[in-house]
Each structure stands twice: as C-alpha cells, then as structure tokens.
There are 2 protein chains.
Amino acid sequence: MQWYLVAGLLTLLTSSQGILTTLSQNNRGYNYDYATVPFLAEVFKLVVSSFLLWGENWGSQPPKMTTDWKSVRLFPIPSIIYLIHNNVQFATLTYVDTSTYQIMGNLKIVTTGILFRIFLKRKLSNLQWLAIMLLAVGTTTSQVKGCGESSCDTLFSAPIQGYMLGILSACLSALAGVYTEFLMKKNNDSLYWQNVQLYTFGAIFNMMRLLLDDIHSGFEKGPWWQRLLNGYTITTWMVVLNLGTTGLLVSWLMKYADNIVKVYATSMAMLLTMVLSVFLFDFKPTLQLLLGIIICGMSLHMYFAPVNMLVELPLTSKTVPGTLNEVAVEKLEGS
Amino acid sequence: MQWYLVAGLLTLLTSSQGILTTLSQNNRGYNYDYATVPFLAEVFKLVVSSFLLWGENWGSQPPKMTTDWKSVRLFPIPSIIYLIHNNVQFATLTYVDTSTYQIMGNLKIVTTGILFRIFLKRKLSNLQWLAIMLLAVGTTTSQVKGCGESSCDTLFSAPIQGYMLGILSACLSALAGVYTEFLMKKNNDSLYWQNVQLYTFGAIFNMMRLLLDDIHSGFEKGPWWQRLLNGYTITTWMVVLNLGTTGLLVSWLMKYADNIVKVYATSMAMLLTMVLSVFLFDFKPTLQLLLGIIICGMSLHMYFAPVNMLVELPLTSKTVPGTLNEVAVEKLEGS
C-alpha cells in the first residue's frame, strides 16, 4: 500500500472523528463517560492486531517477533509519555484558556520536526523546514479568532507559566510520536506484533487512568467497569471504531512512512473538519480559514513535491527581446 | 548601489509615509487638500531628475537620451493607467467597504507576478510563484479583522461586481508597474531622462485631476492653484518629500531591479507600518499580524535565498545507526 493513500485515509478518518464526537453529544454534553472511549479504542486495536498477527502465522513465512524483555520493556514508554502529557495539558489549562491552548497546540508541528531531526537523525532541507513552519503557521491562521467572537484576549496576556507549559506539552506530544516511530522502525519485527505490545500497554494505562479517575471522585458513579457502556449509542461506537482505526493507520505510517507525514495528515484533517463544520453545523466560513487552507496547501506542495519541480525554471523557446513587448505596447496604445 | 539597499530604503520610506500621513492629520481630518500632495511630489521628482540629468551633462560622457516622438509618447501611458485605476477604485468602493477593498488590494501582488511573466517574459520557478502567492497570503493574514472590531462582514458578502472590479483594479495596478519596468528597461537611456519624461506627464495628469475635481465641485473652494499650499505644515511637506523620494527609488528599482523587488519592499513596508503603529498609535498587536510577519518573512527567504541553500540536505558525518538513538532511549528510561 502507498503511504499517501494511508495518509489520505487517516486525514478523512481523523476529520470524521471530530464530526462524530460532536454528533455523539446531545445538547447537555456527553451521555456517556468520554474517558471510556480511548480505552475501548485500545482494546479494539489490540483485538484487530492480535487477529492479524495470528493470520500472519498461517502465511508462507511466520512473522518476525522479538520477545526479549529488553525490547518489550520499551513499548510502555509511549503510554507513559502520553500520561505525563495529559497531566501537563491539565496544568497548562489552569493558566491559559482553551482557545489559547488550541493555538499553542500547533507548536507540536514544529517540535515534531525538531525531535525528528534530533532523535531520528533525519535530515531535512531548508525548504522542508520552511514547509513545516508554514504548516504550523497555516493551522494557527485558520484558528485566529474572528470578529464577533465573544471572548477577546490580547496576545500573550496569559501568565508566562502557561506558555512554558504549552511548549512542554508540544514537546511531549512530539516526543511520543518520534519515540513510537523509533520503536516501529528499530527492527523489522512484524507490525502486528509491535502493535500488540503497544496496545497491550495502551489498554493497561487507560484502564489505570479510569481507575484513578474513580478514586479521585470517590467511586461516586461506581467503578468504571460497571458503567463502561452506559449511554453508548451507535454514534458512540462509531467514535470508538474510528479512533481505533486511526490509531492503526498511525502505527502503519510510523513504520512505513514517518512522523512528518502523520503531522500533515492530522493538520489537513483539522482544516477539513472546519470546512465540514461550515456545512454540517452552520459554522460561518472565515477569511482566516480560507487563508489557513491556502497556506497549508502550499506547505504540503513544498514539502512533498520533487525538488526539481520546485526550483527549475520553465523551459521556453528563446524569446526575441522587445518584439512581444512591442505588441503589448501597441495594444495598450490602441485601447 | 546594490538593489537590496534601495529596496530597504524604499521599505523604510514607504512605511514612514503611512505614519507621516497619519501625523499630518488632526482629529478632524486633513487641514490641507490631500489631492495636492501627489501633484507636488511629481513636481519634486521632476525637479530632482532634471537637476541630476543636467549634472550628467557635465560628466565624462553625456547621458543617452532618445527624444524621438515614438519613444516619448509611451511615457504618459503609466499616468493614463493610474487615472483609469483611480476611477475603477472609486467604482469598486461603491460596492465594497474599505476593509474589503484593502484585503482585495493584496491581489495585486499576484497579478504583478502574472503580468511580469506575460509581458516581460520573465521566468519564475515554481518555488518563486509559491513565494509570491505566500506574500499575498501573508499581507492578507495581517489584515484579518480581529475579535472586538466593530464592523463584522461575512466572507464574500459584497455584490459580485465589487469583486470583479477589485480584480480589475489589481490588474491595472500591476499593469502600471510592469509597463513602467518595460519603459525603463527598453533601452539604455539615462534613468534621469526617462524620469523627466515620466514625471512631466505625471505632473500634467495630476494637474488635470486637480482641475477636474474643481470643475466637479463647481470651483466652490476656488481654483486649485490658489489653495495649493493652504494648511500645509512642516509634516505635510515631509509627506510630499517622502512620497517624491519613494517615487524616485521605485524608478531606480524598475530600471536596475524589477517589479517583484518593489512588491516585496511595499509589502514589508505595510507590515512595518502596522508594527510601528503598535508603538506610536497604541494599536493592539494581534496574532494575525504576528502570523503575517512570519509568513512574509518566509516568502522573502523563499524568493531571494539561493536555490542551493534551500534544497540541499545538510551534510553531516556518517551516523552510526542505532547508537545515538539507544542513548536517547536509555535516558528516557532513566527518567
């Protein structure tokens, strides 16, 4: 399978994720416990990957699996990073409002590029760096608050701690992605075996999170396993399946493509969600959304187009200086 | 003189033009007739150019001057285009508000690129086209209306005629620039002789415009020459000198550099004016201004940086695969 097909599919599914999540709410918010969704998605990914791994066993050559503890012990690390990230995110939101947090979230595009360069030793041209920064600028542009929006903050009005935590959050998010890419590429183990390890720990950590939430709330709503599927509708299940599928696609990209491809897919998905919201939820299309789409489109072209295509001057037959200009002048004078 | 020094000076002076014009107003508007400013600026440019041409006569070799009517008759054309442009501008403003007009004005960056390609047969790489479009997107981004601004228009809410006229206006503005470049470069006549021709017609057309304004208003404020310097202060004179000097710099760029350099200089000047307004007139700095500056800076780098610098991958010593990643992993595990 071609990486750009997977990236395209990831864009569509990530975009539907936002739409489905909105559709799964009623006007009073969620009818179900949203924290159960990522847990069930991990379980879904684990089941699918186990099944595919089992299928590989019946193929012409059995899947390559490193079961050495030295290798397995690396697989909970992404979950640990996400756990820390969640807590930093929570701390950040005590200093800045959600829209500022959302704007700062675009920083992770740039931090992913930086960590990709540092940890994975991947070289990027000056132009590719420009493209990555442009992608971050483009997604930020699309989120600029328009006129008529209720709250109106001055630039950099939050306390400095908020911005520092926002940067830390962007670094952790990038680190999780880059580390996962390292894990998937460090040997040629079967993708499904790597997934099984990743999602087993993912499911465990999500379970722990649900339990901790219960402990914090003093089990007032009962233990999580008793209310796991409470309020689930068909849309909620679609949210779960969608989240699980996007996770599987991201794993595939981490092994056969890279973090930058993932970052492009998710950024484009964000813009697509905003465009779809215009049609589905009567959002007002804004100039900044249009500009953001143009900027990100240019960034995509700059990053992925062949270098020759970008820098070569078009070949034309030798021009006869003056002649055609004179024609233009004659026309002008005649008008 | 290097073209980028001239372009830098043009940026500074164009930017001061906005500031000086604001400073020359009092709180009830202009104390003087603003239409007299461009006329006096033309006269200033004509006087300076005549003087410099006269000076060239005393040099080691006399200036090259084509005085053939077939050549001279081309020099009023830029003034004619500007005259048409002014009328189209006026018509456009009956359909759209000034802020929409200002946003559409950024189109002239792209139309200049297109006419530059068509009429002057100048080849641009794919990357340079991207840079030009990005410059237009960047200046537009900086002008996105922020939250809290009074009037709040929906995207594309004006009648279609307004947008068509806006496009026409952008084409005419670009045509005037491209045509002037053609005039300045079509032979190696002395720049000052070309200027003298250009500004003689410029002064005449501006005079005609003042006269037409008087006729339209039925001479109720008296003929223009009687109230030419009414209400002029030292600041007004600085506006005139500034406008005249920027005009001379633009002429120089048209002969020794090109329209794209001019477009970059004036776009950067617009951003600089906005930044200076934050300090001078207590304008609120906005996220969109910051984004616009970043985008235009990237565009500048993309357009003017040497191609090799942009596309080459950094050279590093051969990396030992795994080793450094392993170190990173060890560190992660230790944390």
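Everything numeric in this text was worked out from a predicted model, so none of it was measured.

Criteria and thresholds
The residue numbering used here restarts from 1 in each chain and proceeds along that chain's sequence as written. Key to labels: chains lettered from A, ligands numbered from 1, both in the order written. Residue-level local features of this predicted model are given only where pLDDT is at least 70; pairs of side-chain atoms are given and counted only at 80 or more, and the full residue set underlies all totals for whole chains, interfaces and linings. With hydrogens and water excluded, all non-hydrogen atoms of the structure serve as input to the side-chain values. Think of it this way: any DSSP run of H or I at least four residues long counts as a helix, any run of E at least two long counts as a strand, and we number them from the N terminus. Residues count as neighbours in contact if any of their non-hydrogen atoms are within 4.5 Å of one another. A 1.4 Å probe and the Shrake-Rupley method give the accessible areas. Residues count as covered only by the protein chains that appear here. By the counting rule applied here, Lys and Arg register as positive and Asp and Glu as negative, while His and the ends of each chain are not counted. Lysine's charge is taken at NZ, arginine's at CZ, aspartate's at CG and glutamate's at CD. UniProt positions are given in the numbering used here, feature names are shortened, and annotations may be inferred rather than shown by experiment. Each residue is placed in one exposure class: buried if its accessible area under a 1.4 Å probe, protein chains only, is under 20% of its type's maximum, exposed if it is over 50%, and partly exposed if it falls in between. Starting at the helix axis, one direction is taken to each C-beta atom, and the arc is that of these directions. One less than the residue count of a helix, multiplied by 1.5 Å, gives the span that helix is expected to have. On a range of 0 to 100, pLDDT expresses the predictor's confidence in each residue. Salt bridge, as used here: a side-chain nitrogen of Lys or Arg that lies within 4 Å of a carboxyl oxygen of Asp or Glu. For the purposes of this section, nonpolar cores are sets of buried Ala, Val, Leu, Ile, Met, Phe, Trp, Tyr and Cys residues that join through side-chain atoms within 4.5 Å. Here, axes are lines fitted to C-alpha atoms. For helices the fit covers the stretch in contact, and angles between N-to-C directions go from 0 to 180 degrees. By definition in this entry, angles of less than 35 degrees are roughly parallel, angles greater than 145 are roughly antiparallel, angles of 65 to 115 are roughly perpendicular, and the rest are oblique. We call a crossing left-handed when the near helix sits turned anticlockwise from the far one by less than a right angle, and right-handed when that turn is clockwise. Each residue gets one of three labels, nonpolar for Ala, Val, Leu, Ile, Met, Phe, Trp, Tyr, Cys and Pro, charged for Asp, Glu, Lys and Arg, and polar for the others, Gly among them. Counting rule for disulfides: a pair of cysteine sulfur atoms within 2.5 Å. Working definition: a ring pair exists when centres of Phe, Tyr or Trp rings (six-membered ring for Trp) sit within 6.5 Å. Plane angles under 30 degrees give stacked, over 60 give edge-to-face, the rest tilted. Polar contacts, as counted here, are pairs of nitrogen or oxygen atoms within 3.5 Å of one another; within protein the pair requires one atom able to donate a hydrogen and one able to accept it, and residues that are adjacent in sequence qualify only if both atoms are side-chain atoms.

1. Observations regarding the overall build of chain A
- If you tally the helices and strands in chain A, you get 14 helices and zero strands.
- Counted from the first residue to the last, chain A has its helices and strands arranged as α-α-α-α-α-α-α-α-α-α-α-α-α-α.
- Counted over contacts in chain A with a minimum sequence separation of 6, partners at least 24 positions apart contribute 82%.
- Just so you have it, chain A exposes about 16,800 Å², and 66% of that area is on carbon and sulfur atoms.
- In chain A, the 21 positive side-chain charges and the 18 negative ones have mean positions that sit 9 Å from each other.

2. Thoughts on the UniProt feature "signal peptide" (unreviewed entry) in chain A
- When the UniProt feature table is mapped onto this chain numbering, "signal peptide" (unreviewed entry) sits at residues 1-18 of chain A.
- As annotated, residues 1-18 of chain A has a helix share of 89% and a strand share of 0%, and its two end C-alpha atoms lie 26 Å apart.

3. What about helix α5 (residues 98-105) of chain A?
- Listed in full, the buried residues belonging to α5(A) are T100(A), Y101(A), I103(A) and M104(A). Projected down its long axis, α5(A) carries its buried residues within an arc of 160°, all on one side.
- Taken together, the buried residues of α5(A) touch α4 (77-92), α6 (107-119), α7 (126-142) and α8 (160-185) of chain A together with α12 (287-304) of chain B.

4. Structural notes on helix α8 (residues 160-185) of chain B
- Between its first and last C-alpha atoms α8(B) spans 38 Å; for 26 residues at 1.5 Å apiece the expected length is 38 Å, and the two agree.
- Counting buried positions along α8(B) gives 19 out of 26 residues, so the element sits mostly inside the fold.

5. So, the confidence of the model for chain A
Residue and element names in this part refer to chain A.
- With 91% of its residues at a pLDDT of 70 or more, chain A has an overall mean of 89.
- The low-confidence segment residues 317-335 (pLDDT under 50) makes 16 contacts with residues lying over four places distant or belonging to another chain.
- Model confidence for the complex is summarised by a pTM of 0.87, with the ipTM given as 0.86.

6. Thoughts on the pattern of salt bridges
All names here are of chain A.
- Tallied over the entire structure, the rule returns 14 salt bridges over all chains.
- As a salt-bridge pair, R122 and E181 come within 3.2 Å of each other at their nearest N and O atoms. Note that R122 is positioned in the loop between α6 and α7 and E181 in helix α8, a separation of 59 residues in sequence.
- Here R122 falls in the partly exposed class, since its relative accessible area comes to 30%.
- Each of the salt bridges in this network shares a partner with another, and the network as a whole consists of R122, E181, K185 and D258.

7. A closer look at unusual backbone geometry
- Positive phi outside glycine occurs at K121(A), with the angle close to 55°.
- Structurally, K121(A) can be placed in the loop between α6 and α7.
- Even without glycine at this site, F219(B) takes up a positive phi of about 55°.
- Among the structural elements, F219(B) can be located in the loop between α9 (191-216) and α10 (234-256).

8. Let's talk about the nonpolar core
- Counting residues in hydrophobic clusters, the biggest one holds 133 residues, and the most contacted among them are L127(A), M302(A), L127(B) and M302(B).
- Beyond its immediate chain neighbours, meaning those up to four positions away, M302(B) contacts L127(A), L130(A), M302(A), L127(B), L130(B), A131(B), L134(B) and L310(B).
- Judged by nonpolar contacts, the second largest core, of 13 residues, contains V37(B), F39(B), L228(B) and Y232(B).

9. Quick notes on the packing of α9(B) against α10(B)
Residues and elements named next belong to chain B.
- It is at 11 Å that the axes of α9 and α10 come closest, and there the two elements cross at 125°. Here α9 is positioned oblique relative to α10, judged by the angle of their axes. For α9 against α10, the interelement crossing comes out right-handed. Where α9 approaches α10, its residues L191, Q194, N195, L198 and Y199 are matched on the opposing element by G247, L248, S251, W252, K255 and Y256.
- Taken together, the residues that form the contact of α9 with α10 break down as six nonpolar, four polar and one charged.

10. A word on the packing of helix α6 (residues 107-119) of chain B against α8(B)
Residues and elements named next belong to chain B.
- Packing of α6 against α8 brings their axes to within 8 Å, and their N-to-C directions diverge by 45°. Between α6 and α8, the angle falls in the class oblique. Where α6 crosses over α8, the two elements pack in a sense that is right-handed. In this structure, α6 contributes L107, K108, T111, T112, L115, F116 and F119 to the contact, and α8 contributes I167, A170, C171, S173, A174, L175, V178 and E181.
- When its residues are assigned to classes, the contact of α6 with α8 shows ten nonpolar, three polar and two charged.

11. Some points on the state of the cysteines
- Under the criterion given, the structure shown has zero disulfides over all chains.
- Just so you know, C296(B) is unpaired, no disulfide at all, and the nearest cysteine sulfur is the one on C296(A), 16 Å from it.
- A relative accessible area of 0% means that C296(B) is categorised as buried.

12. Concerning the side chain of S267(B)
Residue and element names in this part refer to chain B.
- Of note, S267 is situated in helix α11 (residues 259-280).
- Using a relative accessible area of 5% as the deciding quantity, one classes S267 as buried.
- With residues up to four places along the chain from it excluded, the contact list for S267 reads I109, L135 and T139.

13. Re the packing of aromatic side chains
Residues and elements named next belong to chain A.
- One pass over the structure, following the stated rule, counts 32 aromatic pairs over all chains.
- Judged by centre distance (6.0 Å) and plane angle (75°), the rings of W54 and W58 are edge-to-face.
- Since its relative accessible area comes to 48%, W54 is described here as partly exposed.
- On the basis of relative accessibility, which here comes to 64%, the residue W58 falls in the exposed class.

14. A closer look at the side chain of K255(B)
Residues and elements named next belong to chain B.
- On the secondary structure map, K255 appears in helix α10.
- This buried residue, K255, is left without a salt bridge; D189 holds the nearest opposite charge, at 7.0 Å.
- In terms of polar contacts, K255 uses its side chain to reach the backbone carbonyl oxygen of N187, at 3.4 Å.
- For K255, the side chain forms a polar contact with the main-chain oxygen of D189, separated by 3.0 Å.
- If near-sequence neighbours (up to four positions away) are discounted, K255 is found in contact with M184, K185, N187, N188, D189, L191 and Q194.

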